[in-house]
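Working through the structure, step by step
Spelled out, the chains give:
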Amino acid sequence: DAGITQSPRYKITETGRQVTLMCHQTWSHSYMFWYRQDLGHGLRLIYYSAAADITDKGEVPDGYVVSRSKTENFPLTLESATRSQTSVYFCASSDRRGGNTEAFFGQGTRLTVV
Amino acid sequence: AQSVTQLGSHVSVSEGALVLLRCNYSSSVPPYLFWYVQYPNQGLQLLLKYTTGATLVKGINGFEAEFKKSETSFHLTKPSAHMSDAAEYFCAVSDQGNMLTFGGGTRLMVKP
């Protein structure tokens, strides 16, 4: 199916474990983004990627790692999960960095760190 | 730097009443402005956007927003609320080459 998909939809992990959230898009959009959504903070940008093998930090990158070996995939890894990383994570893609271009969002991954 | 403030984290209206969700932004250059809607357990989808030209923008599901430069506002309205409008709404700004910056969101509740 065309679109942007995230997996898993729900994840519970323990403090200190590594966890990877997956994101896949079928539009061949050049830009991909990871946001976290927390009450009162709206969506905050964690990392973004302008193309394969090009990534850059957003507003809240600490504790996260990303990679983009293929245009369609943009996984987000929490190297050693902490409770403060309990959140809903959204992946998005667009064909431009910003400006007047719409970003398309996945359905989100709800991550709980216990 | 750009920022967005949404006044009211929760708004409750009766079915059939006017919906008004407030958004104020700051941007050092002419902004692009967006409203996104998030239904429960779903991602965000675009409601409408302002880029250039007409300051009154119409979106999906009967929503519209007006860009007022003098007030640095981009409030979202709908004349008559429907139960299906219950969702969280996010205002966002992008000043040309920059990323989208989102407001904190407003949860709209619609009472029967």
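The text that follows walks through the structure, step by step, so that each part is easy to find. (Residues numbered from 1 in each chain as written. Chains lettered and ligands numbered in written order. Predicted model: local features only at pLDDT ≥ 70, side-chain atom pairs only at ≥ 80, totals over all residues. Heavy atoms only, no water.)

1. Comments concerning the overall build of chain A
The condition is simple: Counting from the N terminus, the helices are the DSSP runs of H or I reaching at least four residues and the strands are the DSSP runs of E reaching at least two. For every residue, the accessible area obtained with a 1.4 Å probe (protein chains only) is divided by the maximum for its type, and the residue is called buried under 20%, exposed over 50%, and partly exposed between those limits. Here the Shrake-Rupley method, with its probe set to 1.4 Å, supplies the accessible areas, and only the displayed protein chains count as covering residues.
For chain A, the helix and strand inventory stands at zero helices and eleven strands. For chain A, the N- to C-terminal ordering of α and β elements is β-β-β-β-β-β-β-β-β-β-β. Expressed along its principal axes, the backbone C-alpha trace of chain A runs to roughly 35 × 30 × 25 Å. Residues counted as buried form 48% of the 114 residues belonging to chain A. When the accessible surface of chain A is summed, it comes to about 5600 Å², and 46% of that surface belongs to carbon and sulfur atoms.

2. A closer look at the environment of A:Asp53
Residue and element names in this part refer to chain A. Which entries qualify depends on this criterion: The contact criterion used throughout is that any non-hydrogen atoms of two residues lie within 4.5 Å.
Looking at the element boundaries, Asp53 is found in the loop between strand S5 (42–51) and strand S6 (54–57). The class of Asp53 is exposed, set by a relative accessible area of 66%. Spatially, the C-alpha atoms of Asp53 and Lys70 are 7.8 Å apart, while their sequence positions differ by 17 residues. When residues no more than four places from it in sequence are discounted, the contact partners of Asp53 are Arg68 and Ser69.

3. Comments concerning the pattern of salt bridges
The criterion, for reference: Salt bridges are defined by distance alone: a side-chain nitrogen of Lys or Arg within 4 Å of a carboxyl oxygen of Asp or Glu.
Overall, the coordinates contain six salt bridges over all chains when judged by the stated rule. Note that A:Asp38 is salt-bridged to A:Arg44, the shortest N-O span being 2.9 Å. In this pair, the class of A:Asp38 matches that of A:Arg44, namely buried. Measuring nitrogen to oxygen at the nearest pair gives 3.0 Å for the salt bridge that ties B:Arg107 to B:Glu88. You can see B:Arg107 sitting in strand S12 (residues 106–111) and its partner B:Glu88 sitting in strand S10 (residues 87–94), a full 19 residues away along the chain. Given a relative accessible area of 11%, B:Glu88 falls into the buried group.

4. Brief notes about the interface of chain A and chain B
To be explicit about the condition: Joining two parts hides part of their accessible area as seen by a 1.4 Å probe, and the buried area is that hidden amount summed over both. Think of a polar contact as two N or O atoms within 3.5 Å of one another; within protein, one of them needs to be a possible hydrogen donor and the other a possible acceptor, and neighboring residues in sequence only count if both atoms come from side chains.
The interface of chain A with chain B comprises 23 residues on the first partner and 22 residues on the second. Of the roughly 1700 Å² buried where chain A meets chain B, counting both sides, 55% is carbon and sulfur surface. Applying the counting criterion to the chain A and chain B interface returns zero salt bridges. In this assembly, chain A and chain B are joined by three residue pairs in polar contact (both at pLDDT 80 or more).

5. Looking at the side chain of A:Ser94
Residues and elements named next belong to chain A. You can see Ser94 is positioned in strand S9 (residues 87–94). Classification of Ser94 as buried rests on a relative accessible area of 2%. Not counting residues within four places of it along the chain, the set of residues in contact with Ser94 comprises His29, Ser30, Tyr31, Phe33, Thr101, Glu102 and Ala103.

6. Some thoughts on the nonpolar core
Residues and elements named next belong to chain B. We count it as follows: Within this scheme, the nonpolar core is defined by two criteria: the residues are buried Ala, Val, Leu, Ile, Met, Phe, Trp, Tyr or Cys, and they are joined through side-chain atoms within 4.5 Å.
Trp35, Leu48, Phe74, Leu76 and Tyr89 are the most contacted members of the largest nonpolar core, which has 27 residues in total. Looking at this core, the elements with two or more residues in it are strand S2 (10–14), strand S3 (19–21), strand S5 (32–38), strand S6 (44–50), strand S8 (64–68), strand S9 (73–78), S10 and S12. Examining the composition of this core, we find that four residues originate from one element, S10, more than from any other. Counting residues in hydrophobic clusters, the runner-up holds 21 residues, among them Tyr32, Phe34, Leu44 and Phe102.

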